[in-house]
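# Summary of structural features
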Amino acid sequence: MVSAKRSGAPMWTIDTPSGTILLVGEIRAVPKSTPWEPERLRDATAEAGRVILRAAPKFSPGDVLRLIFRGGSFTKLPDKRVAADYLTVRQRARLAELETRYKADYDRGSFLMSAFDLLARRLDFADDTTDDATDIVQKAAKKAGIVIVRPERFRGEDLLDNLAAAPPASHIPCLEAAMTAAEAGKPIIEARGNDWRRFDIPAVMANPLEIALNTCWPWADEDLGGEIRDQWTRMITEAASTQGVTMAVVPLGVLAEKQGVLDQLEARGFAVAGPEWR
């Protein structure tokens with residue numbers, strides 16, 4: 001645990017009658033400029049009895065074909081509608097300013113796809129980054145033969161159906177958050193990484209980029225996002241009855257949000273030790 005904490009990633013410990021649970025708060029796309037020591041987390045993983053990691057969605061070839069044939073329903077607004085049909089005058093004006101800045105056209109695009117474009121292509125937050133904590137721990141656990149536990153994987157078909165059923169207006173908060181992040185510009189990327197390394201969790205959670213990532217699908221979907229959070233809480237609670245050290249790498253947004261995993265664990269009577277997250 002000492003080695004893991006020296007890595008620089010924020011983490012919390014829960015001591016149980018049978019062992020210890022170590023919760024690593026992960027952010028995606030850690031900038032290379034962030035001064036943390038991933039090799040120490042790699043070394044610490046070899047000392048754990050088991051690790052809990054996020055699961056990738058389970059897409060089948062049939063799901064890929066469905067996406068191809070239904071692609072328009074995910075990438076475009078329905079019935080030839082345009083952004084102004086859903087957005088307020090102020091929201092559309094903000095979007096127009098970004099269209100001018102990036103020489104882009106978001107008028108017919110789905111709000112989710114427009115938000116992803118602003119974050120991934122225009123802000124380019126995932127450029128020049130290190131491995132995520134999940135990648136580091138997964139490789140180390142496989143090499144050491146340590147048991148890896150994951151949440152139940154969501155079927156690709158269910159994810160696509162969930163996304164297709166969401167009305168366009170449900171993605172407006174995601175678009176607004178992405179616009180705020182894009183307007184703030186690249187300095188928020190480095191600031192997010194530095195605050196994460198300094199264990200200033202409230203600052204990370206208040207960063208426009210982190211807000212945008214946590215506001216967009218699937219996290220913002222009431223049913224899907226709620227199920228993802230419940231999975232983490234359930235697995236960590238179950239780990240409390242196992243022997244030895246369990247290391248869980250959990251998205252920081254899921255851990256530290258209001259009524260998130262840390263709040264829920266504390267409400268269940270667990271003594272959570274680590275950085276302040278509220």
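Placed above this text is the structure.
Anyway, here's the lowdown on the structure attached to this text. (Residues numbered from 1 in each chain as written. Predicted model: local features only at pLDDT ≥ 70, side-chain atom pairs only at ≥ 80, totals over all residues. Heavy atoms only, no water.)

Once that is clear, we can look at the side chain of Asp132. Here Asp132 lies in the loop between α6 (111-122) and α7 (133-144). On the basis of relative accessibility, which here comes to 8%, the residue Asp132 falls in the buried class. Among the polar contacts made by the side chain of Asp132, one reaches the side chain of Arg28 at a distance of 2.9 Å. Contact partners of Asp132, with chain neighbours within four places excluded, come to Glu26, Ile27, Arg28, Ala29, Val30 and Arg54. (Helix = DSSP H or I, 4+ residues; strand = E, 2+ residues; numbered from the N terminus. Buried < 20%, exposed > 50% of the residue type's maximum accessible area, 1.4 Å probe, protein only. Polar contact = N/O pair within 3.5 Å; in protein donor to acceptor, adjacent residues only side chain to side chain. Contact = heavy atoms within 4.5 Å.)

So, on to the sheet that holds strand β2 (residues 19-26). Taking strand neighbours across the sheet as the criterion, the 6 strands line up as β4-β3-β5-β2-β1-β6 in an open arrangement whose pairing is mixed. Strands at the two margins of the open sheet, each flanked by one partner only, are β4 (147-149) and β6 (272-273). As defined by bridge partners, strand β3 (residues 50-52) adjoins strand β5 (residues 244-251) across 3 bridges and the pair is classed as parallel. Opposite Arg50, over in β5, you have Thr246 as the bridge partner. Packed on one face of the sheet, α7 meets β2, β3, β4 and β5 and runs near 145 degrees to β5. Contacting β2, β3, β4 and β5, helix α13 (residues 222-239) runs over the sheet at an angle of about 170 degrees to β5. (Pairing = 2+ DSSP bridges. Axes fitted to C-alpha atoms, helices over the stretch in contact; angles between N-to-C directions.)

Residues spaced three or four apart along an α-helix face the same direction, because each turn holds 3.6 residues. By the burial criterion, the buried members of helix α2 (residues 38-45) are Pro38, Leu41, Ala44 and Thr45. Axial view of α2: buried residues confined to an arc of 115 degrees, hence all on one face. (Arc of directions from axis to C-beta.)

The final tally for this structure, using the stated rule, is 1 disulfide. Here Cys174 engages in a disulfide with Cys216; their sulfurs sit 1.9 Å apart. Taking the sign of the torsion about the S-S bond as the criterion, the disulfide between Cys174 and Cys216, at about 85 degrees, is right-handed. Separated by 42 residues along the polypeptide, Cys174 in helix α9 (residues 172-184) and Cys216 in the loop between α12 (208-215) and α13 bring together distant segments of the chain. Take Cys216: its relative accessible area is 2%, and that puts it in the buried class. (Disulfide = S-S within 2.5 Å.)

Let us look at unusual backbone geometry. Look at the link from Trp217 to Pro218: it is a cis peptide, with omega at 5 degrees. At Ala29, a residue that is not glycine, the phi angle is positive and equals roughly 60 degrees. Looking at the element boundaries, Ala29 is found in the loop between β2 and α2. Even without being a glycine, Asp79 presents a positive backbone phi close to 55 degrees. Within the element layout of this structure, Asp79 appears in the loop between α4 (71-75) and α5 (89-102).

This part covers the pairing of β5. When you tally the buried positions in β5, you get 6 out of 8 residues, the bulk of the element. Alignment of β2 against β5, held across 8 bridges, turns out to be parallel. Residue pairing in the sheet places Ile21 in a bridge with Thr246 of β5.

Most of strand β1 (residues 11-16) is tucked away, with 5 of its 6 residues classed as buried. Pairing geometry for β1 and β2, over 6 bridges, is antiparallel. In the strand pairing of β2, Met11 is matched with Val24. In textbook terms, the turn of a hairpin is the stretch between consecutive antiparallel strands, and for β1 and β2 this stretch comprises 2 residues. For β1 and β6, the ladder comprises 2 bridges, and the chain directions are antiparallel. Note on β6: the bridge partner recorded for Thr13 is Ala273.

Scanning the model with the defined rule gives 15 salt bridges in all. A salt bridge links Asp132 to Arg54, with the nearest nitrogen and oxygen atoms 3.8 Å apart. Separated by 78 residues along the polypeptide, Asp132 in the loop between α6 and α7 and Arg54 in the loop between β3 and α3 (61-69) bring together distant segments of the chain. Of the charged contacts, one joins Arg121 and Asp117 as a salt bridge, the two residues approaching to 3.1 Å between their closest N and O atoms. On the criterion of helical spacing, the pair formed by Arg121 and Asp117 is a turn pair, its members being 4 residues apart in helix α6. Overall, Arg121 belongs to the exposed group, its relative accessible area being 57%. Connected through shared salt-bridge partners, Glu26, Arg28, Arg54 and Asp132 make up one network. (Salt bridge = Lys/Arg side-chain N within 4 Å of Asp/Glu carboxyl O.)

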